[in-house]
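Residue-level structure breakdown
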Amino acid sequence: NQADFGVIGMGVMGKSLALNLADKGVSLSIYNRYVEGKEVRVAEKVLEENPGYNNIQPFENIQSFVASLSSPKSILLMIPAGNAVDLQINELIPLLNPGDILVDGGNSFYKDTNARAELLKEKGILFVGTGVSGGEEGARRGPSIMPGGDKDGFSKIAPYLEVIAAKDFQGKPCVTYAGPGGAGHFVKMVHNSIEYGEMQAISEVYYLMRNYLDLSSLEIADIFEKWMDSDLASYLLEITIDILRKYEDGEPLIDKILDQAAQKGTGGWSVNTALEYGVPYGVLSEAVMARNLSARKGLRMIASGLYNLDRFTGIEDLENFLDKLQAAYQATRIINHEVGFSLMLEVSEKNNWALNFSEIARIWTNGCIIRSKLMEELVDIFKESNHILLNYEAITALKSYQGDLSYVVGQALQNGFPVPVLSNAINYFLGVTTANSAASLIQAQRDYFGAHTYRRNDGDPDKAFHTNWKE
Ligand code: 6PG
């Protein structure tokens, strides 16, 4: 009795996706490599912990695992990104036949996926690199899935992906073919980047409320709960409310969590990609750098003692400030999404991927970490333009929020509270809406010290000029 589908890697995500597939009636073989000296047989343990699945067979021998699958074989890799994926692929290649389908569902770097797609194409193996979002709960109950790579391969496994995916508000599965090669993993990378921006923005808003406005975590949770009834509603805001209400021994648990943010790399990869393609993506680089700075706890402790800055707490008109903060937060979110999608636009155009942003927004309306009311609105906005900023409703919103964002950032800085993402958002907004910028002076300076030449706005813009500045 051969199985329809194989899953390699029984970590949290692999196990949850396997159980999700099995729940939908798919017959499965699961495999986890046997680690010498470890007692636990990981694949078998999945079944011990989740009894009653007659449609799952566990393996710890890769040959028998592959042999147990019906042809063409479909195998999903759910193993940590990086070298482990190459090792696993190399082990599988001699066991697979042309026409078999290999899917990498980890957070692989999209250029690695491009290279693996090339290699596997030579062997006739259909390789699909897919982003999967939603964490453990999403994987188990319905993730958002962002596949790319071999289109034939995708079509063959699409029924499996569709049956396990989250559903959008119309009941359509949150899965769409992104594009060739590493396009699916690229889309997932940008998903995580928007996630970084959203998380940092919420954290800055929370921190201001807690320290500048002097509100308790419970009061802040109540305010966020009200915000959930507005355009600000999002999964990340919702989980933040639960987090702020979590108490341990009579104190908010958040106060006991060491303030050093970890990261696994996807945000930084997008910063690198933005640099490579010349895309202004300051919100994300600020979000990543804020995590980097948070990790320098030792330095912060010393500097905090040495400078002992006055940080002012408490304001007169709390309600008024909260209204402004709400607007500032929403403006930041719009800009965070705009710049994330504009990275995708640039890379998509340069690589001829033809990414469909409305579809990408649609599969991000459920199952994934950045699902939100705003994302639902983006599904239609992207039908009209590739830039959120150019949409009529966004223009109206940003015009009305701009003053509040500037005000909040100004107050935060003056009173001693860092707001890197909020302030980058207003700087980006003011920059992108400036027709004649300070870059004229940069060009003059470059020409002055290095004869790098400049172009003029009062003639042929393609002609290079050089001036002898000292004359
Ligand atoms: C998701 C998450 C998931 C993971 C992040 C966390 O979409 O389900 O984004 O992929 O939790 O990679 O990333 P950091 O560890 O870098 O914060």
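Quick caveat, the model's predicted, so the values are computed rather than measured.

Topic: the nonpolar core
Formed by 129 residues in total, the largest nonpolar core has its most connected members in L28, I30, L405, L422 and A425. Sorting elements by how many residues they give to this core places helix 8 (residues 183–212) first, with 15 residues. Inspection of this core shows a minimum of three residues originating in each of domain 1 (5–181) and domain 2 (188–432). The contact partners of A425, leaving out residues within four places of it in the chain, are V283, A331, T332, I335, N336 and L405.

Overview of the sheet that holds strand 7 (residues 144–149)
Within a beta sheet, neighbouring strands are joined by backbone hydrogen bonds and run either parallel or antiparallel to one another. Strand order in the open sheet formed by seven strands is 3-2-1-4-5-6-7, and the pairing between neighbours is mixed. Each end of this open sheet is capped by a strand with a single partner; those strands are strand 3 (56–59) and strand 7. The sheet shows a mean angle of 25° between the axes of neighbouring strands, taken without regard to direction. Relative to strand 4 (residues 74–77), strand 1 (residues 5–8) runs parallel, the two sharing three bridges. Note on strand 4: the bridge partner recorded for V7 is L76.

Section: the domain arrangement of the protein
According to the domain assignment, the protein contains domain 1 (5–181), domain 2 (188–432) and domain 3 (441–471). Using only C-alpha atoms to locate each centre, domain 2 and domain 3 end up separated by 38 Å.

So, the UniProt feature "domain: 6-phosphogluconate dehydrogenase C-terminal" (unreviewed entry) in the protein
In the numbering used here, UniProt assigns the "domain: 6-phosphogluconate dehydrogenase C-terminal" (unreviewed entry) feature to residues 184–470. Secondary structure content for residues 184–470 is 66% helix and 1% strand, and the end C-alpha separation is 53 Å.

Overview of the environment of S74
With respect to the element layout, S74 can be found in strand 4. Between the alpha carbons of S74 and F5 there is a distance of 5.3 Å; along the sequence they are 69 residues apart. Non-local contacts of S74, meaning those with residues more than four positions away in its chain, are made with F5, G6, I101, K156 and I157.

Points about helix 8
End to end, helix 8 covers 43 Å across 30 residues, agreeing with the expected 44 Å (1.5 Å per residue, within 8%). Remark: D214 follows helix 8 within two positions and exhibits a positive phi of approximately 60°.

Topic: the site of the ligand
Near the ligand, the surroundings consist of 14 residues, among which S133, G135, Q263, K264 and I369 are the closest. The set of elements that each furnish at least two residues to the shell around the ligand consists of helix 8 and helix 11 (266–277). For the shell around the ligand, the leading source of residues is helix 8, giving three residues. When residues are assigned to domains, the shell around the ligand turns out to be shared by domain 1 (5–181) and domain 2 (188–432), each giving three or more.

Cut-offs applied
Residues numbered from 1 in each chain as written. Predicted model: local features only at pLDDT ≥ 70, side-chain atom pairs only at ≥ 80, totals over all residues. Core = buried A, V, L, I, M, F, W, Y, C linked by C-beta atoms within 7 Å. Buried ≥ 20, exposed ≤ 12 C-beta atoms within 10 Å, placed from the backbone. Helix = DSSP H or I, 4+ residues; strand = E, 2+ residues; numbered from the N terminus. Domains from an automatic or database assignment. Contact = placed C-beta atoms within 7 Å. Pairing = 2+ DSSP bridges. Axes fitted to C-alpha atoms, helices over the stretch in contact; angles between N-to-C directions. UniProt positions renumbered as here; feature names shortened; annotations may be inferred. Expected span 1.5 Å × (residues − 1). Near = placed C-beta within 6 Å.

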